[in-house]
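# Structure assessment
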Amino acid sequence: TLDLVGLAIDLSLNVYFIAALRLGVVGVLYSSLIASVTMAAVLSTTTLWEVGIRFSAAKLVAMLRYGVPLIPMTFGLFVLNFSDRFFLQGYTNLETVGVYALGYKFGMMSGVLITSPFLQFWTAYMYEVVERPDAREVIARLQVYLTLLLLAFTLALSIFSDELLRVVSPPEYWGAAHVIAIVGLA
């Protein structure tokens, strides 16, 4: 639910910043920042309310040992996901970047709606599956089903992308439909 709320905030702000305020790439960054800060505030408040504040030096060291090596990877993913907009801006105009950014957001919906929730479930459940004697078969079957679900979702999104964009964006951004299928498959 929170992922869907975050996606709705992000997409709504994208359309507003790009279409209404004409901020282009900066609007995409602003919308991502606002959605992320909003979700962080909600999750932090909920966590503090339910868990409270406690400190453990041993757990801090363990978390840092695990988390610090992930920082370059996270930065690299950010660069990978957003650098294309800066290249487009250098070679085209802001209107093209805005159309691409909107199509990219919709193309990534399978990740937000299917892959992320699946991974949240799977990271907790996979240790139980690995202990089973039929673990290889279960994991292989699960991967096939996940792949088929992602392909079916991307196909449906691609088929209905024109109609979807006509509902949520002004005519200048309807060209984003051409990007959705490519990004979705990627």
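See the structure shown above.
My aim in this report is to walk through the structure given alongside it, one point at a time. (Residues numbered from 1 in each chain as written. Predicted model: local features only at pLDDT ≥ 70, side-chain atom pairs only at ≥ 80, totals over all residues. Heavy atoms only, no water.)

### Some thoughts on the nonpolar core
Burial of nonpolar side chains together is a common tendency in soluble globular proteins. Counting residues in each nonpolar core, the largest one holds 17 residues, and the members touching the most others are Leu 102, Phe 106, Leu 165 and Tyr 173. Among the elements of the structure, helix H1 (2-20), helix H5 (94-107) and helix H9 (177-185) are those that each provide at least two residues to this core. The residues contacting Leu 102, other than those within four sequence positions of it, are Val 15, Leu 165, Ser 169, Tyr 173 and Ala 176. Of all hydrophobic cores here, the second largest spans 6 residues; its members include Ile 114, Phe 118, Val 129 and Val 138. (Core = buried A, V, L, I, M, F, W, Y, C linked by side-chain atoms within 4.5 Å. Buried < 20%, exposed > 50% of the residue type's maximum accessible area, 1.4 Å probe, protein only. Helix = DSSP H or I, 4+ residues; strand = E, 2+ residues; numbered from the N terminus. Contact = heavy atoms within 4.5 Å.)

### Regarding helix H6 (residues 109-130)
With 22 residues, H6 should cover 32 Å at 1.5 Å per step; its first-to-last C-alpha distance of 29 Å lies within 8% of that length. Within H6, burial applies to Met 109, Ser 110, Ile 114, Phe 118, Trp 122 and Val 129. Where the residues of H6 are buried, they touch H1, H5, helix H7 (135-159) and H9. (Expected span 1.5 Å × (residues − 1).)

### Describing the packing of aromatic side chains
This model, assessed by the stated rule, comprises 6 aromatic pairs. Where Tyr 100 meets Tyr 104, the ring centres are 5.8 Å apart and the plane angle is 45 degrees; that geometry is what we call tilted. Here Tyr 104 and Tyr 100 lie together in helix H5, a separation of 4 residues that amounts to about one turn. Pairing Phe 118 with Trp 122 gives two aromatic rings, centres 6.0 Å apart and planes at 10 degrees, and the pair type is stacked. One end of the pair, Phe 118, and the other, Trp 122, are both in helix H6, 4 residues apart, so they sit about a helical turn from each other. For Phe 118, a relative accessible area of 18% translates into the label buried. One aromatic cluster in this structure is built from Phe 118, Phe 121, Trp 122 and Tyr 125. The ring of Trp 174 has Arg 166 lying over it, and the distance from NZ or CZ to the ring centre is 4.2 Å. (Phe/Tyr/Trp six-rings, centres within 6.5 Å; stacked < 30°, edge-to-face > 60°. Lys NZ or Arg CZ within 6 Å of the ring centre and 35° of its normal.)

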